[in-house]
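Coordinates in review
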Amino acid sequence: GIELECHPLTQDNFHEHSDYHYAFDLFNFGYYWESHVWWEELWHLAGRKGELADLLKGLIKLAAAGVKMKLGHEVPAKGHIERGIELFEKVRNHAHTVEFFGVELDRLLEELHSLKETPEKIRELQIELIR
């Protein structure tokens, strides 16, 4: 019930952007809904279009998959994982890089492809940022 007060994420500030890093910590500790909220705020600030917005939307989809698995809803979780894969592949192909805003896209994609078959293992997924 509180208003988030984020500032926009940029290529120049992502290394020190505390809200961006906090969302990863939340996700990695299993606070999927909370990470979703922070990434969604950054997604809105990014204009909801473009490569950065697609990266953030992919992260939002992974958080949604975590929420669904906590509720025992495997089919929707798989759908969110698959959509996340699509978004991360789009970012990788358009940005022509394997690392984007501190996220190693190839490594993440490899882990997500194996998660499609075992979405319950999302609890083991740790998304590390290159700092």
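For the structure itself, look to the data block above.
The notes below deal with the structure included here.

Rules used throughout
Residues numbered from 1 in each chain as written. Predicted model: local features only at pLDDT ≥ 70, side-chain atom pairs only at ≥ 80, totals over all residues. Heavy atoms only, no water. Salt bridge = Lys/Arg side-chain N within 4 Å of Asp/Glu carboxyl O. Helix = DSSP H or I, 4+ residues; strand = E, 2+ residues; numbered from the N terminus. Buried < 20%, exposed > 50% of the residue type's maximum accessible area, 1.4 Å probe, protein only. Contact = heavy atoms within 4.5 Å. Axes fitted to C-alpha atoms, helices over the stretch in contact; angles between N-to-C directions. Parallel < 35°, antiparallel > 145°, perpendicular 65-115°, else oblique. Left-handed = near helix turned anticlockwise from the far one by under 90°. Nonpolar A, V, L, I, M, F, W, Y, C, P; charged D, E, K, R; others polar.

As for the pattern of salt bridges
Here the structure, examined in full by the defined rule, presents 6 salt bridges. The residue R83 makes a salt bridge to E86 at a minimum N-O spacing of 3.2 Å. A residue pair is termed a helical-turn pair when its members lie 3 or 4 positions apart in one helix, as R83 and E86 do in helix α4 (residues 74-95) at 3 residues. The partly exposed category is assigned to R83, whose relative accessible area is 31%. E86 gets classed as partly exposed once you look at its relative accessible area, which sits at 45%.

What to know about the environment of V67
Its place among the elements puts V67 in helix α3 (residues 51-70). Owing to a relative accessible area of 21%, V67 belongs among the partly exposed residues under this scheme. Taking the C-alpha atoms as reference points, V67 and E99, 32 residues apart in sequence, are found 26 Å from one another. Beyond its immediate stretch of four places on either side in the chain, V67 contacts Y32 and W33.

Regarding the packing of helix α1 (residues 18-28) against helix α2 (residues 32-45)
Here α1 crosses α2 at 155°, and the two axes come no closer than 8 Å. Taken together, the axes of α1 and α2 lie roughly antiparallel to each other. Seen from above, α1 lies across α2 with left-handed handedness. Taken together, the residues of α2 that come into contact with α1 (itself represented by D19, Y20, Y22, A23, F24, L26 and F27) are Y32, E34, S35, W38, W39 and L42. For the contact of α1 with α2, the residue count by class is 10 nonpolar, 1 polar and 2 charged.

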